[in-house]
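# Inside the fold
Okay, here's what each chain looks like letter by letter:
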Amino acid sequence: MGVLSVNPTNLSDFPFSFPTDDIKRTLDAMSLVKLNQFHWHIVDSQSFPLQIPGFEELSAAAAYDSSSVYSPSDVSDIISYAAERGIDVMIEIDTPGHTSAIGESHPELIACKDATPWGNYAAEPPAGQLRIADSAAVNFTASMFEAVASMVQGSYVSTGGDEVNSQCYDDDTETQQALNSTGETITQALNSFVTATHQVLEDAGKTPVVWEGWY
């Protein structure tokens, strides 16, 4: 199986998401060389261009601008276009790291939002990752993935999982208070977070896909 992974939002010199026509041209090229898995890393720290039903505030607050948004109809169109060419589309919503953009509409869910120097707290700027020990953040993320699952036709949804920064949680007062109240370690909290978010995808008939890595 051939795979193409595209992440348009983490390029500092590319100030907008790829237009859908550009994505379709990429899919055309993929079909010519028999690549059949399009890994669409559709959001990242810098931007949240995906309109998710019930979570429209995310793209409203954190897309680069109103013209740099993927609506549900855009996503459906891309998935259908890809399917006609024998290509499956796997959307990635990276969690719990690379989620600073979520803090534009829900700052209470994000640890070390915009912390500096960013290199101490994130693999790329701006810093910010979901508070995995906070039940509100866990429930929000699980509900968000449940909504994403309803947008895609394929079997796979990526929940990210890479480059989770331990220093961010060590220095986040709210996270440390939550850990102290439950007696969990940060590793146990991460396990609970992943279990909860993956369960909603499995219940929706999807297979969760992850990267992996603390640093």
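Below, the structure is looked at part by part. Starting afresh in each chain, residues are numbered from 1 along the sequence in its written order. Selection of residues for local features in this predicted model requires a pLDDT of at least 70, selection of side-chain atom pairs for listing and counting requires 80 or more, and totals for whole chains, interfaces and linings are taken over all residues. As a convention, hydrogens and water are excluded, and side-chain values are obtained from all of the structure's heavy atoms.

## Here we look at the packing of helix 4 (residues 135–149) against helix 7 (residues 186–203)
Think of each axis as a best-fit line through the C-alpha atoms, taken over the contacting stretch in the case of a helix, with angles from 0 to 180 degrees between the N-to-C directions. Only DSSP runs of H or I reaching four residues or more are called helices, and only runs of E reaching two or more are called strands; each is numbered from the N terminus. Remark: helix 4 packs on helix 7, axes separated minimally by 8 Å, with the N-to-C direction vectors making an angle of 25 degrees. Classified by the interaxial angle, the pair formed by helix 4 and helix 7 is roughly parallel. Judged by the twist between their axes, the crossing of helix 4 over helix 7 is right-handed. Taking contact as the criterion, the partners of Val138, Thr141, Ala142, Phe145, Glu146 and Ala149 in helix 4 are, on helix 7, Phe193, Ala196, Thr197, Val200 and Leu201. Orientation labels follow simple angle bins: below 35 degrees gives roughly parallel, above 145 gives roughly antiparallel, 65 to 115 gives roughly perpendicular, and whatever is left gives oblique. Left-handed describes a crossing in which the near helix is turned anticlockwise from the far one by less than a right angle; the clockwise case is right-handed. Whether two residues are in contact is decided by their heavy atoms: any pair within 4.5 Å suffices.

## Points about unusual backbone geometry
Omega for the peptide link from Thr116 to Pro117 comes to -10 degrees, which places this bond in the cis form. Of note, the amide linkage connecting Pro125 to Pro126 takes the cis form, showing an omega dihedral of -10 degrees. Assignment of secondary structure puts Pro126 in the loop between strand 4 (110–111) and strand 5 (129–130). One non-glycine residue, Lys34, lies in the positive phi region at around 65 degrees. Looking at the secondary structure, you find Lys34 in the loop between helix 1 (20–32) and strand 2 (37–41). By relative accessible area, which is 71% here, Lys34 ends up exposed. One non-glycine residue, Glu163, lies in the positive phi region at around 55 degrees. The classification of residues rests on relative accessible area computed with a 1.4 Å probe and restricted to protein chains. Under 20% of the type maximum is buried, over 50% is exposed, and intermediate values are partly exposed.

The analysis is restricted to geometry; functional conclusions fall outside its scope.
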